[in-house]
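One-letter residues, chain by chain:
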Amino acid sequence: MTARLPSRPVRDPDPVRNTAYWERIDRMVAAAPPLSDRQRRTIRAVFSSSIVPCTREAA
């Protein structure tokens, strides 16, 4: 069984299926090639530009 961070959301109420889900995610992440510096910059730019404070009051 893979050690998981406690902050991960529960994706399935069944603990066995939830554990299997996160183990599958861990395997995919481990198999993926590392990101290039350009890819990291692009991802950071996308997420940093999406955090824009709202100046309008909600209706």
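For clarity, every value in this text was computed on a predicted model and none was experimentally measured. Per chain, the residues get numbers from 1 upward, laid out in the order the sequence is written. Confidence filtering applies because this is a predicted model: local features only for residues at pLDDT of at least 70, side-chain atom pairs given and counted only at 80 or more, and all residues used for totals across whole chains, interfaces and linings. Heavy atoms from the whole structure form the basis of all side-chain values; hydrogens and water molecules are not counted.

### What to know about the overall build of the protein chain
Next, step 1: The way it works is that DSSP assigns letters per residue, a run of H or I at least four long becomes a helix, a run of E at least two long becomes a strand, and they are numbered from the N terminus. The helix and strand inventory of the protein chain stands at two helices and zero strands.
Next, step 2: Only protein chains enter the area calculation, which uses a 1.4 Å probe; residues under 20% of their type maximum are buried, those over 50% are exposed, and those in between are partly exposed. In the protein chain, buried positions account for 8% of the 59 residues.

### Examining the pattern of salt bridges
Next, step 1: Any Lys or Arg side-chain nitrogen located within 4 Å of an Asp or Glu carboxyl oxygen qualifies as a salt bridge. In total, this model carries three salt bridges according to the counting rule given.
Next, step 2: Here R17 and D12 are joined by a salt bridge, their closest N and O atoms 3.0 Å apart.
Next, step 3: For R40, the salt bridge is made with D37, and the minimal N-O distance between the two is 2.9 Å. Taken together, the positions of R40 and D37, both in helix α2 (residues 37–49) and three residues apart, correspond to about one turn of that helix.
Next, step 4: Looking at R40, the relative accessible area reads 32%, which means it is partly exposed.

Worth remembering: the numbers are spatial, not functional.
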